[in-house]
Amino acid sequence: MRIAHYLNQFFGGVGAEEHAGRSLEIRDGAVGPGKLFESFLGAGASVALTFVCGDNYAVEHQAELTAAILEKLRAAQVDLFVAGPCFDAGRYGMAAGALCRAVQAELGIPAIAAMSEENPGVDLYRDALYIIDSGTNITKLRDVVGRMATLSKKLIAHEPIGLPLEEGYLRRGWLRDQLVEKKAATRLVDMLVAKMKNEPFESEMSPTAFAPVPIPAAVKDMSKAKVMLITDGGLVPRGNPDRIEGTAATRWGSYNIQGRDDLRAEDYEVSHGGYDTRFVQEDPDRLVPLDALREMEKNGVIGKLHDEFLSTCGRSNPLSNTRRLGREMAEKIKKDGVDAVILTST
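Parameters at a glance
Residues numbered from 1 in each chain as written. Predicted model: local features only at pLDDT ≥ 70, side-chain atom pairs only at ≥ 80, totals over all residues. Heavy atoms only, no water. Buried < 20%, exposed > 50% of the residue type's maximum accessible area, 1.4 Å probe, protein only. Helix = DSSP H or I, 4+ residues; strand = E, 2+ residues; numbered from the N terminus. Arc of directions from axis to C-beta. Salt bridge = Lys/Arg side-chain N within 4 Å of Asp/Glu carboxyl O. Core = buried A, V, L, I, M, F, W, Y, C linked by side-chain atoms within 4.5 Å. Contact = heavy atoms within 4.5 Å. Pairing = 2+ DSSP bridges. Right-handed = clockwise from strand over helix to strand, strands pointing away. Axes fitted to C-alpha atoms, helices over the stretch in contact; angles between N-to-C directions. Disulfide = S-S within 2.5 Å.

## Quick notes on helix H1 (residues 33–41)
Alright, step 1. Every buried residue of H1 is listed here: Pro-33, Gly-34, Leu-36, Phe-37 and Leu-41. Each buried residue of H1 lies within a common arc of 155° when the element is viewed along its axis, so the set occupies one face.
Alright, step 2. Positive backbone phi, approximately 85°, marks Gly-42, located one or two places after H1.

Written out as structure tokens, the structure reads:
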């Protein structure tokens, strides 16, 4: 069995975040986790190629990266494509998922990845791929790679794949027809009775659950408050210096508005799909109302407008990714002593 393996710069042994912009490197043989993967597969299996790429480069040049890897694989005659484990590294997971999906769809080569369920790559690609649940603890690498190898053997042999809990992969959101002894009404009542008795049971359809977000205390005196503007409508300076993606954004930017009373059209652009951006491009204050807030500041309605506004794109973004972006923004808000935020959307 010949295998191709995709790794980011960290697991490829290049380095940490300072090497995230590194372009694609193709190596012969196994690297890092690939060697462990070979050992679990046993005799007759080898990692023929390892693709190593920096996380930033991968998400910023996804089309070029995918095309280059597909071209190499067409001549390599591999039987399996493996990506990760990615754990909770979001950019890594998004690149790994995109590559696995492309390899399966365009080359017909089975592909498998491993990520934490909170990784944004899971929400984007779970329906198309088998993704082993890696959790977030990198010390569990050996166990995760072992489960990847076990499921890979079944994929290669075209053996039936069991349910997620049996095989260790994340739910794909599929509904399968299945012959059972009890009717739906009976199963439902059995689950209800078990729940009332505090006995274990498993729902056949797990609902999406959201952790409650506590409401913060109201600002006592807005005339003394420091206010910040944030938008998920994708307004960025001309040239998009932070390369914020127009869909499923992995980053956000902070932009100086000190000394400005309004935002001029010639200075900004919109990195966001899914809505008609012409009106914002004509007048960016329609999305980030700097002009209105300056007036409120001058009239004493608010104490001070913060000298920066934050921006990202909220379109088609997995919940796990938006949580991360929100946490990062919140850290800056606290550090800068902001009392209240006005968040504008589209």
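## Digging into the pattern of salt bridges
Alright, step 1. Here the structure, examined in full by the defined rule, presents 25 salt bridges.
Alright, step 2. With its nearest N and O atoms 3.4 Å apart, the salt bridge here joins Arg-323 to Glu-118. Residue Arg-323 is found in helix H11 (residues 319–335), and its partner Glu-118 is found in the loop between strand S5 (111–115) and helix H5 (120–125); the two are separated by 205 residues along the sequence.
Alright, step 3. Using a relative accessible area of 41% as the deciding quantity, one classes Glu-118 as partly exposed.
Alright, step 4. A salt bridge links Arg-264 to Asp-267, with the nearest nitrogen and oxygen atoms 3.0 Å apart.
Alright, step 5. Arg-264 sits in the partly exposed class, given a relative accessible area of 38%.
Alright, step 6. Residues participating in the shared-partner salt-bridge network are Glu-60, Arg-243, Glu-245 and Arg-251.

## A few points about the nonpolar core
Alright, step 1. Residues Tyr-6, Phe-37 and Phe-81 are the most contacted members of the largest nonpolar core, which totals 57 residues.
Alright, step 2. When neighbours within four sequence positions are excluded, Phe-37 is seen to be in contact with Ile-3, Leu-80, Val-82, Val-145, Met-148, Ala-149 and Ser-152.
Alright, step 3. Core analysis: the next-biggest nonpolar cluster, separate from the first, contains 20 residues, Val-227, Leu-235, Leu-263 and Cys-313 among them.

## Section: the pairing of strand S4 (residues 80–83)
Alright, step 1. Here S4 shows no split at all, with Leu-80 and Val-82 on one side and Phe-81 and Ala-83 on the other all buried.
Alright, step 2. Relative to S5, S4 runs parallel, the two sharing three bridges. Along S5, the bridge assignment pairs Val-82 with Ile-112.
Alright, step 3. Each parallel crossover has a hand, and for S4 linked through helix H4 (residues 90–107) to S5 it is right-handed.

## Observations regarding the environment of Leu-263
Alright, step 1. Along the chain, Leu-263 turns up in the loop between strand S9 (253–256) and strand S10 (268–270).
Alright, step 2. On the basis of relative accessible area, Leu-263 is assigned to the buried category, the value being 1%.
Alright, step 3. Separated by 235 residues in sequence, Leu-263 and Asp-28 place their C-alpha atoms 52 Å apart.
Alright, step 4. Those residues in contact with Leu-263, other than ones at most four positions away along the chain, are Leu-235, Ile-257, Tyr-268, Asp-283, Pro-284, Asp-285, Val-288 and Leu-290.

## Considerations on the sheet that holds strand S7 (residues 226–231)
The pairing of strands in a sheet happens through backbone hydrogen bonds and is either parallel or antiparallel.
Alright, step 1. The strand order across the open sheet formed by four strands is S9-S11-S7-S12, and the pairing between neighbours is mixed. Of all the strands in the sheet, the pair left with one neighbour each is S9 and strand S12 (340–344). Sheet twist, expressed as the mean angle between neighbouring strand axes with direction ignored, is 25°.
Alright, step 2. Helix H10 (residues 290–298) contacts S7, strand S11 (304–311) and S12 of the sheet and is inclined by roughly 160° relative to S11.

## Quick notes on the sheet that holds strand S2 (residues 25–28)
Alright, step 1. Strand order in the open sheet made by the six strands is S2-S3-S1-S4-S5-S6, with mixed pairing throughout. Each edge of the open sheet is held by one strand with a lone partner, namely S2 and strand S6 (130–133). The average angle at which neighbouring strand axes cross in this sheet is 20°, direction not considered.
Alright, step 2. Direction of pairing for S2 relative to strand S3 (residues 46–53): antiparallel, over a ladder of four bridges. Residue Asp-28 lies in a different strand from S3, and its bridge partner there is Leu-49.
Alright, step 3. The strands touched by H4 within the sheet are strand S1 (2–8), S4 and S5, with S5 carrying the most contacts at an inclination of about 165°.

## What about the state of the cysteines?
Alright, step 1. Following the criterion strictly, the structure yields zero disulfides and no others.
Alright, step 2. Between Cys-86, a free cysteine, and Cys-100, which holds the nearest cysteine sulfur, the sulfur-to-sulfur gap is 8.0 Å.
Alright, step 3. A relative accessible area of 1% places Cys-86 in the buried class.

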